[in-house]
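# A closer look at the structure
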Amino acid sequence: MKLERNIGFELVRATEAAALRAGRFMGRGDKNAADQAAVDAMRYALDSVDMDGVVVIGEGEKDQAPMLYIGERLGNGTPPAVDIAVDPVEGTTLLAEGMPGAIAVVAVAERGSLFATPGIMYMEKIAVGEAAAGAIDITAPVATNIRNVARALNKDVDDITVVVLDRPRHKELIQQIRETGARIRMILHGDVSAGVMTATENAPVDILMGIGGAPEAVITACALKCLGGAIQCRLWPRNDEEWQIVKQRQIDVSRVYTTDDLCQGEDVHFAATGITTGELLRGVQYFGWGAKTHSIVMRSRSGTSRYVEAIHRWSKLMRIAGLPYDQRVNGNEG
């Protein structure tokens with residue numbers, strides 16, 4: 001069943017709720033508590049949305065995640081039937097250590113349209129914005145991709161900025177990028193944000209390259225489907241256990257997954273709210289009277305993306321969430 005309405009603003013209430021709860025843990029050094037707070041709030045908010053949702057990308061399998069687990073049903077059960085991808089805190093380490101760039105994210109598309117990772121949790125990725133969407137080929141050399149993207153963007157190669165996760169596995173990739181003369185932006189965490197930033201207006205980075213989470217690749221694909229960008233990925237088994245899955249399921253690890261493979265839906269909704277301030281979104285600000293949040297909401301069908309700055313007053317939050325005053329961050333103003 002097709003999505004007949006724009007549910008983006010219902011989704012952003014869920015990311016706002018997660019950000020408001022999790023933002024309290026900024027710099028406290030407790031990743032698990034921060035993530036659990038966000039999960040609780042997002043689950044609470046999503047369950048009230050008019051949809052029959054199934055979590056495809058979530059916190060893990062049911063035995064490991066009591067809420068927002070893969071296969072969990074969300075929404076009030078009414079149509080439309082949708083797939084859901086969530087990351088209540090993308091960048092838990094960033095949040096726990098008080099570093100920039102942590103966000104809360106949710107994406108929704110028609111039922112059966114989101115790629116379910118087959119137990120292999122990492123992917124090799126390359127992502128770009130709309131202008132360079134036809135210029136990338138993950139099977140081509142790094143230098144070829146950078147030159148082609150530079151040409152598509154009408155830039156010199158040394159004007160190109162490539163964003164890469166700071167990991168030992170990327171030592172050779174970083175050397176290859178440097179040899180082209182392109183610039184490199186190293187990030188500790190948060191490749192969903194980095195992938196999205198390649199496709200934003202006046203993008204601060206041009207290409208995302210490297211190996212990162214497979215669930216994050218699906219969420220990034222949802223955002224790029226809305227923004228007109230492109231991502232290409234290949235599964236990257238990280239250990240003997242995952243190579244055993246490859247063997248048992250006869251998975252072709254050379255297969256290239258495109259944006260449309262990861263997110264087949266034609267009506268995709270994406271929402272994200274900043275938890276700690278980064279280049280994509282500003283973080284939560286708390287005041288005696290309430291809080292402010294900064295979010296982005298997108299829809300692929302209309303090709304629109306909206307930035308939303310919301311003011312949340314504690315009295316309204318309490319009434320909607322049904323919480324006592326000392327738990328004043330579990331809801332969000334309608």
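The structure we're discussing is the one just above.
The structure contained in this document is the topic of the report that follows. Not measured: the values here are computed from a predicted model.

This part is about the nonpolar core. Counting residues in each nonpolar core, the largest one holds 48 residues, and the members touching the most others are L114, M123, V196, I231, L262, F270 and M298. Here this core gets 10 residues from one element, more than from any other, and that element is helix α7 (residues 214-227). Excluding anything up to four places from it in sequence, V196 contacts A223, L227, F270, L280 and M298.

Once that is clear, we can look at the pairing of strand β10 (residues 269-274). Here β10 lies mainly inside the structure; 6 of its 6 residues are buried. Bridge count between strand β4 (residues 103-110) and β10: 6 bridges; the pairing is antiparallel. What sits directly across from A104, in β10, is T273. Pairing geometry for β10 and strand β12 (residues 290-299), over 5 bridges, is antiparallel. Residue pairing in the sheet places A272 in a bridge with I296 of β12.

Here we come to the pattern of salt bridges. Note on pairing: side chains with opposite charge can pair once their charged atoms come close. Inspection of every chain in the model, using the stated rule, returns 15 salt bridges. With a closest N to O distance of 2.8 Å, K155 and D206 form a salt bridge. With K155 in the loop between α4 (142-152) and β6 (161-165) and D206 in the loop between α6 (191-197) and β8 (207-213), the pair connects residues that are 51 residues apart, well separated along the chain. For K155, a relative accessible area of 33% gives the class partly exposed. Judged by relative accessible area, D206 falls into the buried class, the value being 8%. In this structure, R301 engages D267 in a salt bridge whose closest nitrogen and oxygen atoms are separated by 3.6 Å. Linking R301 in the loop between β12 and β13 (304-313) with D267 in the loop between α9 (259-262) and β10, this pair joins segments that are 34 residues apart in sequence. In this structure R301 comes out as partly exposed when scored by relative accessible area, which is 44%. We classify D267 as buried; its relative accessible area is 0%. Connected via shared salt-bridge partners are D52, R73, D83 and R111.

Calculation notes
Residues numbered from 1 in each chain as written. Predicted model: local features only at pLDDT ≥ 70, side-chain atom pairs only at ≥ 80, totals over all residues. Heavy atoms only, no water. Core = buried A, V, L, I, M, F, W, Y, C linked by side-chain atoms within 4.5 Å. Buried < 20%, exposed > 50% of the residue type's maximum accessible area, 1.4 Å probe, protein only. Helix = DSSP H or I, 4+ residues; strand = E, 2+ residues; numbered from the N terminus. Contact = heavy atoms within 4.5 Å. Pairing = 2+ DSSP bridges. Salt bridge = Lys/Arg side-chain N within 4 Å of Asp/Glu carboxyl O.

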